[in-house]
Amino acid sequence: MSDYGECLKKYIKENGISVRRLSIETEINRTLLQKYLSGDRLPKSIREVEHISECLMLSPEKQEKLTEEYNKSCYGSKRYESFLMIRDVLNGLVDFQLDLPPQTERGSFPAQPGVEQNAPIPGGQACKTCLGAMEVENVLRNILREQRNSGRKSRLEILSQPDAGNLMPIVLSACVGQETEVEQIVCLDEDSAEGNNNIRVIYSLLPLLFGNINYRSYYYYDKKDAHINTMSLLPVLILAGDYGMVCNSKMDEGLVFWSKESVEFYRRQYQKIKRRTSFLTGYLNDITEWMTFIRSFVTELSTAEICIGATPCLTACLDEAMLFKYLRMDEKDNQFVMEALAENRSKLTGKGAKRMVNIFSEEGLRHFLETGRSNEYPDSCYTPIDMADRLLILERAIEIAEKGVINYNMTNPLFLNLDRRLLVYINEKIVFQYHQKNAISQYFRINERTVRRGFRDFVEFSRENRWLCGAEETIARMKEILAEYRQKGRK
């Protein structure tokens, strides 16, 4: 029996209604309802699920539960979970701007005052076991503090999954705002048919990828479950200066060591694995780096199958006069951006061009109309667009949508309230771009088929569940907003 069938049977019983009576109320064949209850069939759509819920007069909480069980039965629990993680990423629930002060708790740190850094501590040992999550955390924080205070360039190398115990919050809180370089190798699941495991890894890495920390990540493929769960003895490796640490996946047991030979041995093994990896992240912190990124990104932007951002994708709506008026980089960079965007318009609107799906929010569109700012470009790179041109750009966006050049879909804010600073472009590669407070932007890209498929499936799931408005409904709403702001301009 499906989870949906079990849940529906439970609510029918709780309401004291017969299947025959429910069949009459819903106008659904009784035999078909019996198949829903047995798990042999599922309703053909969310609308039918909602219709059954309304006829049963379920509370909002029970309606939500029945819809959730339907989605799990329809898509599979893991696939459904990946949709929820993608939703949380787009909503910005991950705190990309974590800004915690370094922790300075006292803990069981192996090196003793007056003892040479690589010398064994009294008793002839050069290692120490750590039992319990608190002791592991205190030892790791002390290692990071020792390295930071050593006067040498700090570097932290990690081989682990991002969901290992409390590792990532410790690293963030200890390294944010510091000069420490943090490097991590993660394993993506080559057997992840539904993409859930790999989406989970990306989801868990976002605070580091977009946080105020000097962070780089690398990935490789293997059988993840065998590698980090029951088949691994100590799957977490941390190397920091003269210290090394290995821990279990829960980070509640570990071994810290500081003999030179041991640390160098593990560092060699780390480098061997690193040679088999691919680089995951890129980072931008000034206009030169941003222009380098734009040059490499033009083709990906113009051929993106899906573009997700709070404001609508306006690239196809800008002309050379507007670009010349609002861009405020040097002449060479201005010229390049104008040529790049002209090329994008040509690819988007030319004969045989693919129809891009653009997901945006009403809040983001209103933010653009109120401020003249679009999240497609860093604020420092252009002058805010004046009101007359904002309205003209929206007119062009509506025209482009009506011609079918871009399929605009506005979000339902009850489910998707997009982070204004985050953009995601999906094509052969997935590119995440994030505008920071104190930097032009940061980005990372990954060429990973299951994550790409997860985002594509997420769009269809969101349409089915009405997390997204349809194209016609979106165009109608864009026209209403345009009329509203025109009216404001006349007053």
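Predicted model only: the values in this text are computed from it and were never measured.

What follows concerns the pattern of salt bridges. Tallying each qualifying case throughout the model produces 34 salt bridges. The partner of Asp 457 in a salt bridge is Arg 79, with the nearest N and O atoms 2.9 Å apart. You can see Asp 457 sitting in helix H17 (residues 449-464) and its partner Arg 79 sitting in helix H6 (residues 77-91), a full 378 residues away along the chain. Here Glu 402 and Lys 479 are joined by a salt bridge, their closest N and O atoms 2.5 Å apart. Of this pair, Glu 402 sits in helix H16 (residues 387-402) while Lys 479 sits in helix H18 (residues 471-490), and the two are 77 residues apart along the sequence.

In this section: the packing of aromatic side chains. Evaluation of the coordinates by the stated rule reveals 19 aromatic pairs. Through a chain of ring-to-ring contacts, three or more aromatic side chains come together here, namely Tyr 75, Tyr 80, Phe 83, Phe 415, Phe 458, Phe 461 and Trp 467. Taking NZ or CZ as reference, Arg 373 lies 5.2 Å from the ring centre of Tyr 382, over its face. Taking NZ or CZ as reference, Lys 488 lies 4.4 Å from the ring centre of Tyr 485, over its face.

A word on helix H5 (residues 60-75). Taking 1.5 Å as the rise per residue, H5 with 16 residues should run 22 Å; its terminal C-alpha atoms sit 22 Å apart, in good agreement. Here H5 has its buried residues at Leu 66, Thr 67, Glu 69, Tyr 70, Asn 71 and Tyr 75. Check the buried side of H5 and you find it contacts helix H1 (3-15), helix H4 (46-55), H6 and H17. Trailing H5 by a residue or two, Gly 76 shows a phi angle of about 95°, which is positive.

Right, let's talk about the packing of H1 against H5 for a bit. The geometry of H1 relative to H5 is characterised by a closest axis approach of 7 Å and an angle of 155° between their N-to-C directions. Regarding the angle of H1 to H5, the classification is roughly antiparallel. On the side of H1, the interface is formed by Asp 3, Tyr 4, Cys 7, Leu 8, Tyr 11 and Glu 14, while H5 contributes Lys 62, Lys 65, Leu 66, Glu 69, Tyr 70 and Ser 73. In the contact of H1 with H5, the residues fall into six nonpolar, one polar and five charged.

A few words now on the sheet that holds strand S3 (residues 181-189). Backbone-to-backbone hydrogen bonds pair the strands of a sheet. The strands run either parallel or antiparallel. Ordered in space as S1-S7-S6-S5-S2-S3-S4-S8, the eight strands form an open sheet in which the pairing is mixed. Both outer strands of the open sheet, strand S1 (127-131) and strand S8 (278-279), are each paired with one neighbouring strand and no more. Sheet topology note: the strand S2 (residues 155-159)/S3 ladder contains five bridges and is parallel. Bridged to Leu 159 within S3 is Ile 185. The strands touched by helix H7 (residues 133-148) are S1, S2, strand S5 (236-240), strand S6 (243-247) and strand S7 (253-257); relative to S6, the strand with the most contacts, the crossing angle is about 155°.

This part covers the packing of H7 against helix H8 (residues 167-175). For the pair H7 and H8, interaxial distance at closest approach is 11 Å and the crossing angle is 30°. On the basis of the axis angle, H7 is roughly parallel to H8. Crossing of H7 against H8: the hand is right-handed. On H8, the residues that touch Glu 137, Leu 140, Arg 141, Leu 144 and Arg 148 of H7 are Leu 167, Ile 170, Ser 173 and Ala 174. Of the residues assigned to the contact of H7 with H8, the class counts are five nonpolar, one polar and three charged.

Detailed reading of predicted coordinates is not advised where the pLDDT is low. Looking at the protein, pLDDT values average 82 and 82% of them are 70 or higher. The low-confidence segment residues 99-124 (pLDDT under 50) makes 53 contacts with residues lying over four places distant or belonging to another chain.

Moving on to the pairing of S6. Most of S6 is tucked away, with five of its five residues classed as buried. The two faces of S6 match: Tyr 243, Met 245 and Cys 247 on one face and Gly 244 and Val 246 on the other face are all buried. Alignment of S5 against S6, held across five bridges, turns out to be antiparallel. For Ala 240, the partnering residue across the bridge sits in S6 and is Tyr 243. Counting the residues in the hairpin turn of S5 and S6 gives two residues, including Gly 241, whose phi is positive at 60°. Relative to S7, S6 runs antiparallel, the two sharing four bridges. Residue Met 245 lies in a different strand from S7, and its bridge partner there is Val 256. Turn length for the S6-S7 hairpin, with the two strands adjacent in sequence and antiparallel, is five residues, and the turn residue Met 251 shows positive phi of about 55°.

Reading guide: rules and limits
- Residues numbered from 1 in each chain as written.
- Predicted model: local features only at pLDDT ≥ 70, side-chain atom pairs only at ≥ 80, totals over all residues.
- Heavy atoms only, no water.
- Salt bridge = Lys/Arg side-chain N within 4 Å of Asp/Glu carboxyl O.
- Helix = DSSP H or I, 4+ residues; strand = E, 2+ residues; numbered from the N terminus.
- Phe/Tyr/Trp six-rings, centres within 6.5 Å; stacked < 30°, edge-to-face > 60°.
- Lys NZ or Arg CZ within 6 Å of the ring centre and 35° of its normal.
- Expected span 1.5 Å × (residues − 1).
- Buried < 20%, exposed > 50% of the residue type's maximum accessible area, 1.4 Å probe, protein only.
- Contact = heavy atoms within 4.5 Å.
- Axes fitted to C-alpha atoms, helices over the stretch in contact; angles between N-to-C directions.
- Parallel < 35°, antiparallel > 145°, perpendicular 65-115°, else oblique.
- Nonpolar A, V, L, I, M, F, W, Y, C, P; charged D, E, K, R; others polar.
- Pairing = 2+ DSSP bridges.
- Left-handed = near helix turned anticlockwise from the far one by under 90°.
- pLDDT = per-residue confidence, 0-100.

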